[in-house]
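Read off the chains here:
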Amino acid sequence: DALLVGAVDELSAPALAGYQKLGAGALVLGEGAGMLLVEREDDAKKRGARVRAWVAGRGERGDDRARVGWGHADQWPEAARAVSEAARGRDIDLLMSGANGTGYDAREAAAVHAGLGSAPRSAAIVPQIGESFSSAVQRLVAAVHALESGGAVRVLVPAFAQGGANVAVVLERA
């Protein structure tokens, strides 16, 4: 059994107009795509594939937040719980942040700190590639690269969406 995880996004006039209407400020939009194949290690080895990383943990929680915008709450307790569930008490070497130049950045940092009890060093690719609906998958791909290049042993990738969906994944070096 395997799971193909991916996302693709292209800039379109309607999406761009929507963000402009919201007054997205420093947000820079981008296009992109990313794909990952998630399967059991034994299955990957049977077909001769190189195991690039392991999924070491995941957490999923929901907050009561507005569908548009980030709401008024300074704290996102369920986002912090998703981070804590994903980390399972293990040390995290690197946060692959969703930092995009908006009010999201400070809230993400606070939720990660609350969920881990500390703030790991962080990296962000969104400033280089622009924000898109596929940026969380692109951050997963970047996390695998960080693991393979020796930049980390365990990477946390959180994705906290408008509307309150909170997902956190921990990838570990294979």
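Quick caveat, the model's predicted, so the values are computed rather than measured.

1. Section: the confidence of the model for the chain
Averaged over all residues, the pLDDT of the chain is 87; the fraction at 70 or higher stands at 89%. In the model of the chain, helix 1 (residues 13-22) stands out as the element of lowest mean pLDDT, 70, in contrast to strand 4 (residues 94-97), which has the highest, 97.

2. Quick word on the packing of helix 3 (residues 77-87) against helix 4 (residues 104-116)
Orientation of helix 3 relative to helix 4, taken along the N-to-C sense of each, is 50 degrees, at an axis distance of 7 Å. Classed by the angle they form, the pair helix 3 and helix 4 counts as oblique. In the packing of helix 3 onto helix 4, the handedness of the crossing is right-handed. Contact residues: helix 3 offers Ala79, Ala80, Val83, Ser84 and Ala87, while helix 4 offers Ala111, Val112, Ala114, Gly115 and Leu116. Looking at the contact of helix 3 with helix 4 residue by residue, the classes come out as eight nonpolar, two polar and no charged.

3. Quick look at the packing of aromatic side chains
Within this structure, the stated rule accounts for two aromatic pairs. A centroid spacing of 6.2 Å and a plane angle of 50 degrees characterise the contact between tryptophan 76 and tyrosine 104, whose relative ring orientation is tilted. One end of the pair, tryptophan 76, is in the loop between strand 3 (53-62) and helix 3; the other, tyrosine 104, is in helix 4, with 28 residues separating them in the sequence. Residue tryptophan 76 shares its accessibility class with tyrosine 104, and that shared class is buried.

4. Section: the pattern of salt bridges
If you walk through the whole model with that rule in mind, you get 10 salt bridges. The closest approach of N and O atoms between aspartate 43 and arginine 40, which form a salt bridge, is 3.6 Å. Here glutamate 78 ties to arginine 61 by a salt bridge, and the two come within 3.3 Å at their closest N and O atoms. Taken together, the residues span a long stretch of sequence, with glutamate 78 in helix 3 and arginine 61 in strand 3 at a distance of 17 residues. By relative accessible area, glutamate 78 is classed as buried at 19%.

5. Considering the nonpolar core
Ranked by size, the top nonpolar core spans 16 residues in total, and within it Val83, Leu156, Phe160, Ala168 and Val170 carry the most contacts. Looking at this core, the elements that each hand over two or more residues are helix 3, helix 4, strand 6 (154-160) and strand 7 (165-173). Counting 14 residues, the second largest nonpolar core, distinct from the first, contains Ile125, Ala146, Val155 and Val169.

Thresholds, definitions, all that
Residues numbered from 1 in each chain as written. Predicted model: local features only at pLDDT ≥ 70, side-chain atom pairs only at ≥ 80, totals over all residues. Heavy atoms only, no water. pLDDT = per-residue confidence, 0-100. Helix = DSSP H or I, 4+ residues; strand = E, 2+ residues; numbered from the N terminus. Axes fitted to C-alpha atoms, helices over the stretch in contact; angles between N-to-C directions. Parallel < 35°, antiparallel > 145°, perpendicular 65-115°, else oblique. Left-handed = near helix turned anticlockwise from the far one by under 90°. Contact = heavy atoms within 4.5 Å. Nonpolar A, V, L, I, M, F, W, Y, C, P; charged D, E, K, R; others polar. Phe/Tyr/Trp six-rings, centres within 6.5 Å; stacked < 30°, edge-to-face > 60°. Buried < 20%, exposed > 50% of the residue type's maximum accessible area, 1.4 Å probe, protein only. Salt bridge = Lys/Arg side-chain N within 4 Å of Asp/Glu carboxyl O. Core = buried A, V, L, I, M, F, W, Y, C linked by side-chain atoms within 4.5 Å.

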